[in-house]
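Observations on the model geometry
One letter stands for each residue in the lines below.
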Amino acid sequence: LHGPIGCGAGMHGLALQSAKGKAQRGLAPEKPVWLSTNLKETDVIGGGEQKLRNTILYADRTFTPDIIFVVSTCAPNIIGDDVEEVVREARLSASADVVSLHCPGFKSRVVASAYDAFYHGLLRHVSFEPNEDKSGERLLYGREMYEQRRRFENARTVNLWNATSIGAADEEELTRLLGALGLRVRVCAEYSSRDKLRRVSEAALNISMCNVHDDYILKYLKEKYGTSYVIAGMPIGPQATRQWLLAIARHFEQEEQASRLADAEEAAVKPAAEPFLKTLRGKRVLIGGGVVRVGVEARLLAELGMEVLGVRLYHYDDGAAPVLEETVRALPDAHFSVSNQAFELVNQIKRLKPDLVVTHNGTHGQAARAGAASVQLFSADGAFFGYSGYFALVRRLTQSLKNTSYQKRLSQHARLPYRESWYERDAFSYVF
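For the structure given in this document, a descriptive report is provided here. (Residues numbered from 1 in each chain as written. Predicted model: local features only at pLDDT ≥ 70, side-chain atom pairs only at ≥ 80, totals over all residues. Heavy atoms only, no water.)

Each helix and strand counted, the protein chain has 20 helices and 11 strands in total. For the protein chain, the C-alpha radius of gyration of 24 Å lies close to 22 Å, the compact-globule estimate for 432 residues. Split into buried and exposed, the 432 residues of the protein chain put 47% on the buried side. Here the analysis covers contacts within the protein chain between residues at least 6 apart in sequence; of these, 73% occur between residues at least 24 apart. Carbon together with sulfur atoms contributes 51% to the accessible area of the protein chain, which is approximately 21,300 Å² in total. Computed over 54 positive and 51 negative side-chain charges, the separation of the two mean positions in the protein chain equals 5 Å. (Helix = DSSP H or I, 4+ residues; strand = E, 2+ residues; numbered from the N terminus. Rg over C-alpha atoms; globule rule 2.2 N^0.38 Å. Buried < 20%, exposed > 50% of the residue type's maximum accessible area, 1.4 Å probe, protein only. Contact = heavy atoms within 4.5 Å. Areas by Shrake-Rupley, 256 points an atom, 1.4 Å probe, with all protein chains shown as cover. Lys, Arg positive; Asp, Glu negative; His and termini not counted. Charge placed at Lys NZ, Arg CZ, Asp CG, Glu CD.)

Printed below as a string of structure tokens:
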């Protein structure tokens, strides 16, 4: 991290999450190593390039990693440090691939641009092409047979692109479904080694699990390697999962097989979920979080018979527009807003009086103090995608609605930091 020491404060929590994510995927659960150049006042005046140069070489010599990511924060971008030149020089002497990630928060209006910044650095500085075969297979099979074998395998291989918010259970479920279509699934780029990333170009199709995360890298891979891609929203609930599977199967001319697979999965999961739906029907719900996830999940809640009062999008961009447009058509009576502000959330809870709030992690304390039962929009520790994710979600929603005593008792004793007059105003009066 190139910047003042405080810029890395959030990394301690992410280190624990990363270690847990590795363990869930059968990898060695080591925490990632974060180093800071610790820029101080004198560095801001005189420049921090030498500190960055020394830190990169120290990291390479001490930890011998495959990849060193250099995250350039606000301060070096303000003072004009030539981070790219330092990285270029370091790459000549370091054994690791050195990747520059430019993340000056003051330049971005959309938080989701961080995904693009990461992928941009990755595609510029890490090879997506495999090294020459070192396993001996080329010698064992002969060059021609080896190449034929590789082409055959690649024709049935797909890259499934994940992000931190997508857990191991979701990856396992989607890998299971795609495997039923005879596809070999490679999950990337989170928790991927350098050797795994070098196989990215050897695939017949790149598959997105979220429009917001992946459009930048998938378009690049299409231009660079001619690899087709599918961006079809998030597979949350039976209907969205069916659409997602059919979009992928269309590339391999297996739509009929995918449709039969969806039929069989739905025949198994819908009867299992039906007992929970009795509790959900007619309940009023407010949902907020990432635009693609809330769009798909809001439509699912409506399909379950719940009344969607409002949809709160954490951001809006062109990539999410198709999902949002479809959601608006499906929920013409719901209130849509772009908001990630806690004071607006509490106002809506007080005014709309939902039976349940489905919201992003980190906001449940606000909902509970306002007296509302809540369910996390997603969790990297649980299943949300596909058919197993659908069953887990309806069960989670039902459990939250059946036991609301904690929220009711908490709201009677905890005070929120807002005047009563705030609840009488429109939640978005400060915007208007």
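Packed helix pairs are characterised by how far apart their axes lie and by the angle those axes make with each other. As a packed pair, helix α6 (residues 113-125) and helix α11 (residues 211-225) sit with axes 8 Å apart at the nearest point and diverge in direction by 25°. When the interaxial angle is binned, α6 and α11 end up roughly parallel. At the point where α6 passes α11, the crossing takes the right-handed sense. Here Y115, D116, Y119, H120 and L123 of α6 lie close against α11, whose contacting residues are V212, H213, D214, D215, Y216, I217 and Y220. In the contact of α6 with α11, the residues fall into seven nonpolar, two polar and three charged. (Axes fitted to C-alpha atoms, helices over the stretch in contact; angles between N-to-C directions. Parallel < 35°, antiparallel > 145°, perpendicular 65-115°, else oblique. Left-handed = near helix turned anticlockwise from the far one by under 90°. Nonpolar A, V, L, I, M, F, W, Y, C, P; charged D, E, K, R; others polar.)

With that settled, the discussion passes to the sheet that holds strand β3 (residues 157-161). An order of β4-β3-β5-β6 is seen for the four strands of this open sheet, with the pairing classed as parallel. Of all strands in the sheet, those with a lone pairing partner are β4 (184-188) and β6 (228-230), marking the two edges. For this sheet, the mean inter-axis angle between neighbouring strands, taken without regard to orientation, is 25°. Inspection of the sheet shows β3 paired to β4 by five bridges, in the parallel sense. Paired with V158 across the bridge in β4 is V185. (Pairing = 2+ DSSP bridges.)

Attention shifts here to the sheet that holds strand β8 (residues 307-313). Spatial ordering of the open sheet is given by β9-β8-β7-β10-β11, a layout of five strands whose pairing is parallel. In this open sheet, the two edge strands, each paired with only one partner strand, are β9 (335-338) and β11 (373-376). Taking the axes of each pair of neighbouring strands and ignoring which way they run, one obtains an average angle of 15° across the sheet. As paired elements, β8 and β9 share four bridges and run parallel to each other. Looking across to β9, one finds that R312 is bridged to S337. On the sheet, helix α16 (residues 342-352) packs against β7 (284-289), β8, β9 and β10 (356-359) and is oriented at approximately 170° with respect to β7.

With the rule as written, the count across this model stands at nine aromatic pairs. Their ring planes at 85° and their centres at 6.2 Å tell us that Y58 and F63 sit as a pair that is edge-to-face. Take F63: its relative accessible area is 37%, and that puts it in the partly exposed class. Each residue in the set F69, F118, Y119 and W161 is aromatic and connected to the rest through ring pairs, giving one cluster. Across from the ring centre of Y423, 5.5 Å away, lies the NZ or CZ of K350, which sits over that ring. Geometry around Y430 places R425 over its ring, the cationic atom sitting 4.6 Å from the centre. (Phe/Tyr/Trp six-rings, centres within 6.5 Å; stacked < 30°, edge-to-face > 60°. Lys NZ or Arg CZ within 6 Å of the ring centre and 35° of its normal.)

It is worth spelling out the pattern of salt bridges at this point. A pair can form between side chains of opposite charge whenever their charged atoms are brought close. Taken as a whole and judged by the stated rule, the model has 19 salt bridges. With its nearest N and O atoms 3.0 Å apart, the salt bridge here joins D381 to K20. Of this pair, D381 sits in the loop between β11 and α18 (386-402) while K20 sits in helix α1 (residues 11-24), and the two are 361 residues apart along the sequence. You can call K20 partly exposed: its relative accessible area is 40%. Across the pair E202 and R199 runs a salt bridge whose closest N-O atoms are separated by 2.8 Å. Given the relative accessible area of 8%, E202 is considered buried. (Salt bridge = Lys/Arg side-chain N within 4 Å of Asp/Glu carboxyl O.)

Moving on: unusual backbone geometry. Following C188, the chain continues to A189 via a peptide bond in cis, the omega torsion being 15°. Take A189: it is sitting in the loop between β4 and α10 (194-197). For T64, which is not a glycine, the phi torsion comes out positive at approximately 40°. Within the secondary structure, T64 sits in the loop between α3 (49-63) and β1 (67-72).

Along the chain, the position of E265 falls in helix α13 (residues 255-280). Setting aside residues up to four positions removed in sequence, E265 forms contacts with R176, L177 and Y387.

Checked against the element boundaries, N206 lands in strand β5 (residues 205-208). On the basis of relative accessible area, N206 is assigned to the buried category, the value being 0%. Among the polar contacts made by the side chain of N206, one reaches the side chain of W161 at a distance of 3.0 Å. Aside from chain neighbours lying at most four places away, what touches N206 is N159, W161, L218, L221, T227, S228, Y229 and V230. (Polar contact = N/O pair within 3.5 Å; in protein donor to acceptor, adjacent residues only side chain to side chain.)

Once that is clear, we can look at a nonpolar patch on the surface. On the surface, V33, Y58 and F63 cluster together to form a nonpolar patch covering roughly 280 Å² of accessible area. Mapped onto the elements, F63 comes out in helix α3. (Patch = residues over 30% accessible without salt bridge, like charges linked within 9 Å, V, L, I, M, F, W, Y side chains within 5 Å.)

Coordinates in, geometry out; function isn't part of it.
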